[in-house]
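# Fold and contact review
Read off the chains here:
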Amino acid sequence: MTRRGPMDRRALFASGAAAALLAATGISAGPLPQRGGQLRLALSGAARSDDWISGDGLFMQVARQGLVFETLTEVAADGTLRAELATGWTASPDAREWRFDLREDAVFHDGTPMTAQDVAASLSACHTVYTGCAHSVHITCDTPDPSLPFKLADVAHVIRPAHAPDAGIGTGLYAVERFRPGQQLITRRVARHHKDGRAGWFDRVELVSIPSAEVRAQAIAEYMVDAADLEDTRALQAFDDIAVMPGQAVSRGIATPLVLSEARPLDNLRAPQRWWVV
């Protein structure tokens, strides 16, 4: 289908970040769902001061939770809680003492197995954590907290390697190829992962920082990105090959699950894991 609508292309080319999008490659198509192709996201919220520890704009939130790292638990698009790096958990009757059993097959991108020490180091800033053995941790809460497993699914609680917490090395579906703070992140799908067959369909995912909402809209209208975060999507209403959703616009060349989380933009930050090429 042909995209239509009065939009000034000069607004796009005036942006240095957006001009770089002209080098974008095409996206391969395949059966659903099937590994292949790439996803390109135009996002707001990036800063030159961003790193893998600091920087809480949307760009780095997607980078951390949607791509590079994982959390102990995951909130699915339908709002249900699932295990991610944890395999199960139990609580004391007063919900102050928790035990989380950990996956034994989770490996950081540098080849180092994930252990309880990594989890304890990652969560120690917010919780009192004890290592029960190599693959279990105990968390003590100051007050009863029956919602702790849901809280640990938040991007603030990603699990990092204790030996290199600031290196951009996680256990996530995508490993970093290139990171330019405040500008661009390029990642590639890891060869093997515990979510194989359930998530992580793209071969590559690229995040591009475009601060201007107008330019982000222009970028998706001109086929230069596949999705963008947008609060005001009125300029894209006339394009029948762009799906307009709350807080975002997505090319119809990208398939999304029937149930799409609206907890936060881009499928609760996990679009790179859950979406795929049509």
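Residues numbered from 1 in each chain as written. Predicted model: local features only at pLDDT ≥ 70, side-chain atom pairs only at ≥ 80, totals over all residues. Heavy atoms only, no water.

## What about the overall build of the chain?
The helix and strand tally for the chain stands at eight helices and 15 strands. Here the contacts in the chain between residues at least 6 apart in sequence split such that 60% fall between residues at least 24 apart. When the accessible surface of the chain is split by element, carbon and sulfur atoms take 52% of a total near 12400 Å². (Helix = DSSP H or I, 4+ residues; strand = E, 2+ residues; numbered from the N terminus. Contact = heavy atoms within 4.5 Å. Areas by Shrake-Rupley, 256 points an atom, 1.4 Å probe, with all protein chains shown as cover.)

## So, the sheet that holds strand β6 (residues 128-133)
To summarise the sheet geometry, strands pair through backbone hydrogen bonds and adopt either a parallel or an antiparallel arrangement. Strand order in this open sheet of four strands is β4-β5-β7-β6, and the pairing throughout is antiparallel. Single-partner strands in this sheet number two, and they are β4 (86-91) and β6. Each strand axis lies, on average, 20° off the axis of its neighbour in the sheet, ignoring direction. Note: β4 against strand β5 (residues 97-102), five bridges, orientation antiparallel. Pairing of Gly88 across the sheet is with Asp101, part of β5. Where helix α4 (residues 116-123) meets the sheet, it contacts β5, β6 and β7 (136-140), and its direction lies at approximately 175° from that of β6. (Pairing = 2+ DSSP bridges. Axes fitted to C-alpha atoms, helices over the stretch in contact; angles between N-to-C directions.)

## Focus on the nonpolar core
By size, the foremost hydrophobic cluster in this structure holds 31 residues, and its most contacted members are Leu41, Leu43, Val62, Phe202, Leu207, Leu266 and Trp275. Secondary-structure elements contributing two or more residues to this core are β1 (38-43), α3 (58-68), β10 (204-209) and β12 (242-245). Of the residues forming this core, the biggest block, seven residues, is contributed by α3. Leu72, Ala86, Ile139 and Ile159 belong to the second-largest nonpolar core, a separate cluster that totals 22 residues. (Core = buried A, V, L, I, M, F, W, Y, C linked by side-chain atoms within 4.5 Å. Buried < 20%, exposed > 50% of the residue type's maximum accessible area, 1.4 Å probe, protein only.)

## With respect to the packing of aromatic side chains
Counted by the stated rule, this structure contains four aromatic pairs. Between Trp98 and Phe100, the aromatic rings sit 6.1 Å apart at their centres with planes inclined by 25°, giving stacked as the arrangement. Taken individually, Trp98 and Phe100 each receive the classification buried, so the pair is uniform in this respect. Through pairs of rings, three or more aromatic residues link up here, namely Trp52, Phe69 and Phe179. (Phe/Tyr/Trp six-rings, centres within 6.5 Å; stacked < 30°, edge-to-face > 60°.)

## What to know about the sheet that holds strand β13 (residues 248-251)
Strands sit in the order β8-β9-β10-β1-β11-β13-β12 across an open sheet of seven strands; the sheet is mixed. The sheet is open, and its two edges are formed by β8 (174-180) and β12, each paired on a single side. Neighbour-to-neighbour, the strand axes of this sheet turn through a mean angle of 15°, independent of strand direction. Against the sheet, α3 makes contact with β1, β8, β9 (184-189), β10 and β11 (227-229), and its axis sits at roughly 170° relative to β10, the strand it touches most. Helix α6 (residues 213-221) contacts β1, β11, β12 and β13 of the sheet and is inclined by roughly 165° relative to β11.

## Some remarks on the confidence of the model for the chain
Per-residue confidence for the chain gives a mean pLDDT of 88; residues scoring 70 or more make up 88%. When the criterion is pLDDT under 50, residues 1-31 qualifies, and its contacts beyond four places in sequence or with other chains add up to 63 contacts. (pLDDT = per-residue confidence, 0-100.)

## Re the environment of Asp229
Mapping Asp229 onto the fold places it in strand β11. For Asp229 and Phe59, which are 170 residues apart along the polypeptide, the C-alpha to C-alpha distance reads 9.9 Å. Residue contacts for Asp229: discarding those within four places in its chain leaves Ala42, Leu43, Ser44, Leu58, Arg216, Gly247 and Gln248. A polar atom in the side chain of Asp229 sits 2.7 Å from the side chain of Ser44. (Polar contact = N/O pair within 3.5 Å; in protein donor to acceptor, adjacent residues only side chain to side chain.)

## Section: α3
α3 sits mainly inside the fold: 11 of its 11 residues count as buried. Taken together, the buried positions of α3 are Leu58, Phe59, Met60, Gln61, Val62, Ala63, Arg64, Gln65, Gly66, Leu67 and Val68.

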